[in-house]
Amino acid sequence: MNAEAVRAALARVVDPEIRRPITELDMIREVTVQDAVARVDLRLTIVGCPAADTIERDVRAAVLAVDGIERLELEIGVMTPAEREALTTRLRGTKTQQFGPDTLTRIVAVSSGKGGVGKSTVTANVAVALAARGLKVGLIDADVFGFSIPGILGIPDAKPTQVGDMILPPIAHGVKVISIGMFVPSTGSGQATNTAVSWRGPLLHRTMQQFLTDVWFGDLDLLLLDLPPGTGDIAISLGQQLPQAEVLVVPTPPPAAAEVAERSGLVARQTGQTVIGVIENMTGELFGSGGGDALAAKLGVPVIGRIPLSVPLRAGGDEGAPITISHPDDPAAAAIAGISEYLATRTRGLAGRSLPVHPR
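Computed from a predicted model, the values in this text were never measured in an experiment. (Residues numbered from 1 in each chain as written. Predicted model: local features only at pLDDT ≥ 70, side-chain atom pairs only at ≥ 80, totals over all residues. Heavy atoms only, no water.)

**Q** Teacher, can you tell me more about the sheet that holds strand E3 (residues 71-78) here?
**A** Note on sheets: strands pair through backbone hydrogen bonds, and any given pair is parallel or antiparallel. Strand order in the open sheet formed by 3 strands is E1-E2-E3, with mixed pairing between adjacent strands. Here the strands that pair on one side only, and so sit at the sheet edges, are strand E1 (28-34) and E3. Adjacent strand axes in the sheet meet at a mean angle of 10° when their direction is disregarded. By the bridge criterion, 8 bridges tie strand E2 (residues 37-44) to E3 in an arrangement that is parallel. Looking across to E3, one finds that Arg 43 is bridged to Gly 77. Most of the contacts of helix H2 (residues 52-64) go to E3, to which it runs at about 150°, and overall it touches E2 and E3. (Pairing = 2+ DSSP bridges. Helix = DSSP H or I, 4+ residues; strand = E, 2+ residues; numbered from the N terminus. Axes fitted to C-alpha atoms, helices over the stretch in contact; angles between N-to-C directions. Contact = heavy atoms within 4.5 Å.)

**Q** Even after reading the chapter, I still don't get the packing of aromatic side chains, so can you show me in this structure?
**A** Any two aromatic rings considered together are summarised by their centre-to-centre distance and by the angle between their planes. This structure, assessed with the given rule, holds 2 aromatic pairs. Here the aromatic rings of Phe 99 and Phe 217 are separated by 6.0 Å at their centres, their planes lie at 55°, and the arrangement is tilted. With Phe 99 in the loop between helix H3 (81-92) and strand E4 (106-111) and Phe 217 in the loop between helix H6 (201-213) and strand E10 (222-226), this residue pair connects regions lying 118 residues apart in the sequence. A residue is classified by how much of its surface remains accessible, and Phe 99, at 1% relative accessible area, is buried. Overall, the relative accessible area of 0% leaves Phe 217 in the buried class. (Phe/Tyr/Trp six-rings, centres within 6.5 Å; stacked < 30°, edge-to-face > 60°. Buried < 20%, exposed > 50% of the residue type's maximum accessible area, 1.4 Å probe, protein only.)

**Q** What should I look at first to understand the environment of Val 137 in this one?
**A** Tracing the sequence through the fold places Val 137 in strand E5 (residues 137-141). For Val 137, a relative accessible area of 0% corresponds to the buried category. Between the C-alpha atoms of Val 137 and Lys 176, which are 39 residues apart in sequence, the distance is 6.4 Å. Discounting residues that sit within four places of it in the chain, Val 137 has contacts with Ala 127, Leu 130, Ala 131, Gly 174, Val 175, Lys 176, Leu 220, Leu 222 and Leu 224.

**Q** I'm lost on empty space enclosed by the protein in this one. Help?
**A** Any space left empty among the atoms is revealed by the rolling of a water-sized probe across them. Per the stated rule, a full pass over the model turns up 2 cavities of 30 Å³ or more. Computed from the structure, the largest cavity encloses a volume of approximately 70 Å³. If you tally residues by element for the lining of the largest cavity, the top one is helix H8 (residues 255-270), at 3 residues. Tallied by class, the residues present in the lining of the largest cavity amount to 6 nonpolar, 5 polar and no charged. The space that makes up the second largest cavity amounts to roughly 40 Å³. Around the second largest cavity sit Gly 113, Lys 114, Val 117, Val 250, Pro 251, Thr 252, Ala 257, Val 260 and Ala 261, which together line it. Broken down by class, the residue content of the lining of the second largest cavity amounts to 6 nonpolar, 2 polar and 1 charged. (1 Å grid on protein atoms, 1.4 Å probe; cavity = no way out; pocket = protein on both sides within 12 Å on 5 of 7 lines; lining within 4 Å. Points joined across faces, edges and corners; volume = space filled by probe spheres on them. Nonpolar A, V, L, I, M, F, W, Y, C, P; charged D, E, K, R; others polar.)

Below, the structure written as structure tokens:
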């Protein structure tokens, strides 16, 4: 029995926050085997690492499953500052912006002309549906003043993990999530305190910039942004930082709603972003009809989904239980699944990306 078999088993243990094998992250310093006893020196990224219990459990299970190993002596410590810095540099590389023009990640911003149309609920549920398809999905709650994504996803008390100057976002239902709500005080009982975020343009711009640089999402297939309603500072700032982003506009059925929602689509286009479709929410006779079609016609894009009024969808947002998981047979869940299929199968073109081609 040699240490290589144990190392091979440890290579299958994945850090739940970084989503890389712990051996690849240099979290295993030493492995020795004598008789039937394995000795493993494990180094966590930080003191109080929230994933510590999970990693320890997985390490023990992996090592003790190796043929011939009867006992594990596990020493657990913490990386040195130099080791953490080396790790963050290796993960982030030399890029200061994860989602520059050459990124392979598709970026989809979800906007609305006004609040109260269910935009955040739509965004969160679509993100969860995409992750359920096996895609790597990130979600930025860019609605600084009206943040609600953590609650909708059932993680109202979640806090990011800071490794050096790198921030690791919490994961909910397979989606990596960051929100300003994770940085304000909470009651510890699933309810955020009544803390108001009162910031002006420059600070809002810097916050979005930090979300895009300091928060490490890793390799993503899609990054969704839940924009604040309207055409304010954040929409313009993200338009400048992410001109390659695609935009979905969420209206409600009343025809008058189309006029208000159209403005958010026009602002996106003014910053160079591409509007790719409309999602009509709360579809049903109660609120009239025609808003989604009218908006799509004005913007020259398709209606890619109509989400009907649904009590489970509303309740799921309050309870932190996305409808695609809690009530997959509900008509609203089916509509969201259709939207996720559209996004999953839509590929990003090469426009605006640099290609690895060099003239001779």
